[in-house]
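Structural overview for review
Listed here are the chains, written in short residue letters.
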Amino acid sequence: MTTTPTADALHAELQVLQSQHLELVNESMNHAGYFDGKESHFKLTIVSNAFEGKRLVARHQLVYGLVNALLTSQGGQVHALAIHAYTPVEWQGQSPDSPLCAGQNKA
């Protein structure tokens, strides 16, 4: 059985956005220092009416505000969170690749 406490906690915190689509991908295995079960690098694709009228930076600030306690800067496990935030009108099924992690991606 695979446990995903960090991913589960991220999902729980994001429920307030009442998203129409939420995809959270653990990308930790693509980064240096990976071990089985590690939850440190995630890609979030989220579609919500909560993003209406907000610029990209405000959308990211909203998401970070919700998950702040889970970030390593606050003592949590999440080192990197690539956020792709869309309104329902903008959403076309896209989920861009995450950026490289300070040159530490595995080849």
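Below is a short write-up of the structure. Computed from a predicted model, the values in this text were never measured in an experiment.

With that settled, the discussion passes to the pattern of salt bridges. This model, assessed by the stated rule, comprises one salt bridge. Notably, a salt bridge pairs Arg-59 with Glu-90, separated by 2.7 Å at the nearest N-O pair. A residue pair is termed long-range when its members are at least 10 positions apart, and Arg-59 in helix α2 (residues 56-67) and Glu-90 in the segment after β3 (80-86) qualify at 31 residues. With relative accessibility at 33%, the residue Glu-90 sits in the partly exposed group.

On a regular strand, one side chain projects to one face of the sheet and the next to the other, so that they alternate. Counting buried residues in β3 gives six out of seven residues, a clear majority hidden from the surface. In the sheet, strand β2 (residues 41-47) pairs with β3 via seven bridges, with the strands oriented parallel. Within β3, the residue paired with Leu-44 across the bridge is Ile-83. Read from β2 through α2 to β3, the crossover connection turns out right-handed.

So, on to α2. Look at α2: 17 Å from first C-alpha to last across 12 residues, which is about the 16 Å you get at 1.5 Å a residue. Of all the residues in α2, the buried ones are Arg-59, His-60, Val-63 and Val-67. Seen end-on, α2 carries its buried residues on one side only, within an arc spanning 95 degrees. Turned more than 90 degrees away from the buried face of α2, the exposed residues are Val-57, Gln-61 and Gly-65. Where α2 is buried, its residues meet α1 (5-14), β2 and β3.

What follows is about the side chain of His-41. In this fold, His-41 is placed in strand β2. Judged by relative accessible area, which is 6%, His-41 ranks as buried. A distance of 2.8 Å separates polar atoms of two side chains, one belonging to His-41 and the other to Ser-40.

Following the sequence through the fold, Phe-51 ends up in the loop between β2 and α2. Separated by 36 residues in the primary sequence, Phe-51 and Thr-87 have C-alpha atoms spaced 5.6 Å apart. Phe-51 has contacts with Leu-17, Ile-46, Arg-59, Leu-62, Val-63, Ala-85, Tyr-86 and Thr-87, leaving out every residue within four places of it along the chain.

Geometrically, a pair of aromatic rings is defined through the distance of the ring centres and the angle of the planes. Summed over the entire model, instances satisfying the criterion amount to one aromatic pair. Summarising the aromatic geometry, the rings of Tyr-86 and Trp-91 are spaced 5.6 Å apart at their centres and angled 50 degrees between planes, so their arrangement reads as tilted. The class for Trp-91 is partly exposed, based on a relative accessible area of 23%.

In this structure, Gln-18 takes a positive phi of about 45 degrees despite not being glycine. Structurally, Gln-18 can be placed in the loop between α1 and β1 (21-26). For Gln-18, a relative accessible area of 65% puts it in the exposed group.

Rules and cut-offs
- Residues numbered from 1 in each chain as written.
- Predicted model: local features only at pLDDT ≥ 70, side-chain atom pairs only at ≥ 80, totals over all residues.
- Heavy atoms only, no water.
- Salt bridge = Lys/Arg side-chain N within 4 Å of Asp/Glu carboxyl O.
- Helix = DSSP H or I, 4+ residues; strand = E, 2+ residues; numbered from the N terminus.
- Buried < 20%, exposed > 50% of the residue type's maximum accessible area, 1.4 Å probe, protein only.
- Pairing = 2+ DSSP bridges.
- Right-handed = clockwise from strand over helix to strand, strands pointing away.
- Expected span 1.5 Å × (residues − 1).
- Arc of directions from axis to C-beta.
- Contact = heavy atoms within 4.5 Å.
- Polar contact = N/O pair within 3.5 Å; in protein donor to acceptor, adjacent residues only side chain to side chain.
- Phe/Tyr/Trp six-rings, centres within 6.5 Å; stacked < 30°, edge-to-face > 60°.

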